[in-house]
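Architecture at a glance
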Amino acid sequence: MKSNLPIPLLFLSLLFSFSWAALGLTHQQQYHSFLQCLNRHSGNANSISTVIYTQTNSSFSSVLEFSLRNARFSTPNTLKPLVIVTPSRVSHIQATINCSRTHGLQIRIRSGGHDYEGLSYVSQVPFVIIDLINLRSIDVDAEDKTAWIQAGATIGELYYRIAEKSSTLAFPAGVCPTVGVGGHFSGGGYGMLMRKYGLAADQIIDAQLVDVNGKLLDKNSMGEDLFWAIRGGGAASFGVVVAWKVKLVPVPSTLTVFTVNRTLEENGTMLVHKWQSIAPKIHEDLYIRLFLRAVNSSQQEGKRTIQASFVSLYLGRADELIDLMQESFPELGLVKEDCIEMSWIQSIMYFPSDIPEDAPLEILLNRTGSAGIFKGKSDYVTQTIPETALEGLWQRFYEDETESLEILFSPYGGNMDDIPETETPYSHRAGILFNIHYVVGWSEEDSSESQRYINFMRRLYRYMEPYVSKSPRRAYMNYRDLDLGTNNIGPYTSYKQASKWGLPYFDKNFNRLIHVKTLVDPTNFFRYQQSIPSLSRG
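Here the structure is a predicted model, which means the values were calculated and not measured. For every chain, the first residue of its written sequence is number 1, and the numbers climb from 1 along that sequence. Local features in this predicted model are restricted to residues whose pLDDT is 70 or higher, and side-chain atom pairs enter the listing and the counts only when it is 80 or higher, whereas totals over whole chains, interfaces and linings include all residues. No hydrogens and no water enter the side-chain calculation; it runs on all heavy atoms of the structure.

1. Regarding the overall build of the protein chain
Secondary structure elements follow DSSP: runs of H or I no shorter than four residues count as helices, runs of E no shorter than two count as strands, and numbering proceeds from the N terminus. The secondary structure content of the protein chain amounts to 16 helices and 18 strands. Its C-alpha radius of gyration of 24 Å places the protein chain within 12% of the 24 Å reference for a compact globule of 538 residues. Principal-axis analysis of the C-alpha atoms gives the protein chain an extent of 80 × 55 × 45 Å. Accessible surface is estimated by sampling points in the Shrake-Rupley manner with a 1.4 Å probe; for residues, cover comes only from the protein chains shown. Working note: accessible area of the protein chain is about 21500 Å², and carbon and sulfur atoms make up 48% of it. Neither His nor the chain ends is counted toward charge; the positive residues are Lys and Arg and the negative residues Asp and Glu. Positions of charges follow a simple convention, taking NZ of Lys, CZ of Arg, CG of Asp or CD of Glu. The centroid of the 49 positive side-chain charges in the protein chain is displaced by 9 Å from the centroid of its 54 negative side-chain charges. For the radius of gyration, the atom set is restricted to C-alpha positions; the globular benchmark scales as 2.2 Å times the number of residues to the power 0.38.

Structure representation (structure tokens):
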């Protein structure tokens, strides 16, 4: 029998036919209607057919896994999306939102896939992924010191494009080049320039967002409240960010970096304790991160010890840095031979541990990366951790599950103390000494192995409870942690339920985020396990 469907729609229907076979008649009708809706609303049926992938498409798995960075959520039992849409134009996003709403499908929005709990590509109910990988243009205006960045671009791509135009402009975002700017910026986004210039979200001056009604909004048309909410409150709760406009920041033509390693046998405990009171208070041009990991002892064969790696960026030359360190942190014993002078873009290549020393700058344009298996958590510290508590922490590094355990201390202070905590949803400002990032990985993905390592991480987290922020115990939203709590999968969530995770991420700003959400998305269409809830019942 001859089909009455247009050719593009017939093509999409065939793609769906095999996955529909396992569904009931009602679901078949639902998804068939969804396809018809996409065809009607995309503006160009031929164009949207080239950016849709279903489970029977030969490229489906490769598209799904390309941006997947935690293999804990890539198992045979993980529910897969019915459709992945990789929009190449705004109309594709608008069509997907409108048709998902009409036909009862949830959506997930992915820009880089680094989310710790897989929330941009995992769901408990039938869903569609909007993967923004095709929307990644970057327009840098060096004269105006601004840039428009589409949400599917990566941090590495942004850094590369800035360096093409200027050697003295930069942007204060993270160190991992494959992180997508869509999620990173909207969750705050911190990095090595944080003490000087604040977060990535602090530099956002405009945005384009498709809202729940499929309308394309900018800063003016979305209004003050929504523009406030997406700069640190997680934009995926409010719509689909298409692009950000940001201010670029000035940096010297020559910067200085260093990495100094000290073990427990080299006064490591004292140095870590001292670092806590120095790194947040030192000059804002100097940023000293601290990595903690277990290594083989060089002094006792067959023994393990703890290594503290002090990793730094200074906005100036080595001689100035040496003078500053001798005045503020002489115990570290920094000497000029430890220091390397370089440009800002070279420092971007220096900090990620997985970039080879001789790699060309173009490696920042490489979006590929392997998916690890890991569990991460976070804390904020407001008072220095005693040496006795650090010694107890070292003992956790010797447990069986810690071969890949890494703990990162990232200092605050500087400009972070000067930005009001209500300026954006990111509330962790004055009074924070440093952020702690805990991460443990393992090599085999099965339920018992995963649970063993997750249980270890929870024990470690409980141990640290007396030494970190309280009421609430704070957490960084970009290090998503479902242990803090989740929402109902239904359209409405109680304040009591949502506040379990919302207050740690946002503190008192959480109430304003709920107000904005209820105003712009009253039916709670943009929802996932830790989305800002709408409290509207109308």
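2. Details of the packing of aromatic side chains
Ring pairs are drawn from Phe, Tyr and Trp, using the six-membered ring of Trp, whenever the two centres fall within 6.5 Å, and their geometry is named by plane angle: stacked under 30 degrees, edge-to-face over 60, tilted for the rest. On inspection of all chains with the given rule, the structure shows 25 aromatic pairs. With a centroid separation of 6.5 Å and 85 degrees between ring planes, the pair formed by Tyr-438 and Tyr-461 is classed as edge-to-face. Remark: Tyr-461 occurs in helix 14 (residues 447–464) and Tyr-438 occurs in strand 18 (residues 434–441); sequence separation between them is 23 residues. There is no split in this pair, since Tyr-438 and Tyr-461 are both buried. With 5.6 Å between their ring centres and 65 degrees between their planes, Trp-501 and Phe-510 make a pair best called edge-to-face. As far as burial versus exposure is concerned, Trp-501 and Phe-510 are alike and both buried. Against the face of Tyr-463 rests Arg-396, its NZ or CZ located 3.9 Å from the ring centre. We count a charge as sitting over a ring when the NZ of a lysine or the CZ of an arginine lies within 6 Å of the ring centre and within 35 degrees of the ring normal. Taking the ring centre of Tyr-461 as reference, the NZ or CZ of Arg-473 above it sits at 3.5 Å. Note on exposure labels: buried denotes an accessible area under 20% of the residue type's maximum, exposed denotes more than 50%, and partly exposed covers the range between, all computed with a 1.4 Å probe on protein chains only.

3. What about the UniProt feature "domain: FAD-binding PCMH-type" (unreviewed entry) in the protein chain?
UniProt positions are given in the numbering used here, feature names are shortened, and annotations may be inferred rather than shown by experiment. In the numbering used here, UniProt assigns the "domain: FAD-binding PCMH-type" (unreviewed entry) feature to residues 77–251. Along residues 77–251, the helical share is 26% and the strand share 25%, with 48 Å between the first and last C-alpha atoms.

4. Re the pattern of salt bridges
Opposite charge on two side chains permits pairing when their charged atoms draw close. By salt bridge we mean one thing: a side-chain nitrogen of Lys or Arg within 4 Å of a carboxyl oxygen of Asp or Glu. A complete count under the given rule lists 28 salt bridges for this structure. Linking Asp-131 and Arg-110 is a salt bridge whose minimum nitrogen-to-oxygen distance equals 2.8 Å. Here Asp-131, found in strand 4 (residues 127–131), pairs with Arg-110, found in strand 3 (residues 106–110); they are 21 residues apart in sequence, far enough to count as distant. Judged on exposure class, the residue Asp-131 and its partner Arg-110 are both buried.

5. Observations regarding helix 11 (residues 318–328)
If you check which residues of helix 11 are buried, you get Ala-318, Leu-321, Ile-322, Leu-324 and Met-325. Around the axis of helix 11, the buried residues are gathered within 165 degrees of arc, so they sit on the same side. Facing away from the buried side of helix 11 by more than 90 degrees, the exposed set consists of Asp-323 and Glu-327. Regarding the arc, it is the one traced by the directions from the helix axis to the C-beta atoms.

6. A word on empty space enclosed by the protein
A cavity, in this analysis, means grid points on a 1 Å lattice covering only the protein atoms where a 1.4 Å probe fits yet has no way out; a pocket is instead an open set bounded by protein on both sides within 12 Å along at least five of seven lines, and a residue lines either one if it has an atom within 4 Å of a point. Grid points are joined across faces, edges and corners, and a volume is the space filled by probe spheres set on the points. For the coordinates displayed, the defined rule picks out three cavities of 30 Å³ or more. Lining the largest cavity are Tyr-159, Phe-171, Ala-173, Gly-174, Val-175, Met-192, Leu-193, Leu-313, Trp-344, Ser-347, Ile-348 and Phe-351. At three residues, helix 12 (residues 344–350) tops the list of elements feeding residues into the lining of the largest cavity. Split by residue class, the lining of the largest cavity holds 10 nonpolar, two polar and no charged. For the second largest cavity, the calculated volume is near 50 Å³. Taken together, Leu-64, Glu-65, Leu-68, Phe-73, Ser-74, Thr-78, Leu-79, Lys-80 and Tyr-121 form the lining of the second largest cavity. Of the residues that constitute the lining of the second largest cavity, the class distribution is five nonpolar, two polar and two charged. Charged means Asp, Glu, Lys or Arg here, nonpolar means Ala, Val, Leu, Ile, Met, Phe, Trp, Tyr, Cys or Pro, and polar covers whatever is left, Gly included.

7. Points about the layout of surface pockets
Volume-wise, the second largest pocket comes out at about 410 Å³. Considering the residues around the second largest pocket, the lining is formed by 24 residues, among which Phe-73, Val-122, Gln-124, Leu-482 and Gln-529 are closest to the centre. Counting only elements with at least two residues in the lining of the second largest pocket, the list comes to strand 3 and helix 14. Taken together, the residues that form the lining of the second largest pocket break down as eight nonpolar, 12 polar and four charged. Where each domain begins and ends is defined by an automated method or by a domain database. Shared between two domains, the lining of the second largest pocket holds at least three residues of each, these being domain 1 (27–131) and domain 3 (255–342 + 369–464).

8. Description of the side chain of Ser-186
Structurally, Ser-186 can be placed in helix 7 (residues 181–186). With a relative accessible area of 5%, Ser-186 lands in the buried category. The residues touching Ser-186, leaving out its near neighbours within four places in the chain, are Val-181, Ile-230, Arg-231, Gly-232, Gly-233, Gly-234, Ala-235, Trp-244 and Met-477. Here, two residues are considered to be in contact whenever any of their heavy atoms come within 4.5 Å of each other.

9. Remarks on the pairing of strand 12 (residues 255–263)
Here, any two strands with at least 2 DSSP bridges between them count as paired. Looking at chain direction, strand 12 and strand 15 (residues 339–342) are connected through four bridges and run antiparallel. By the bridge assignment for strand 15, Val-257 is matched with Ile-340. Judged from the eight bridges that link them, strand 12 and strand 14 (residues 304–314) form a sheet pairing that is antiparallel. Across the sheet, residue Asn-261 finds its bridge partner in strand 14, namely Ser-309.

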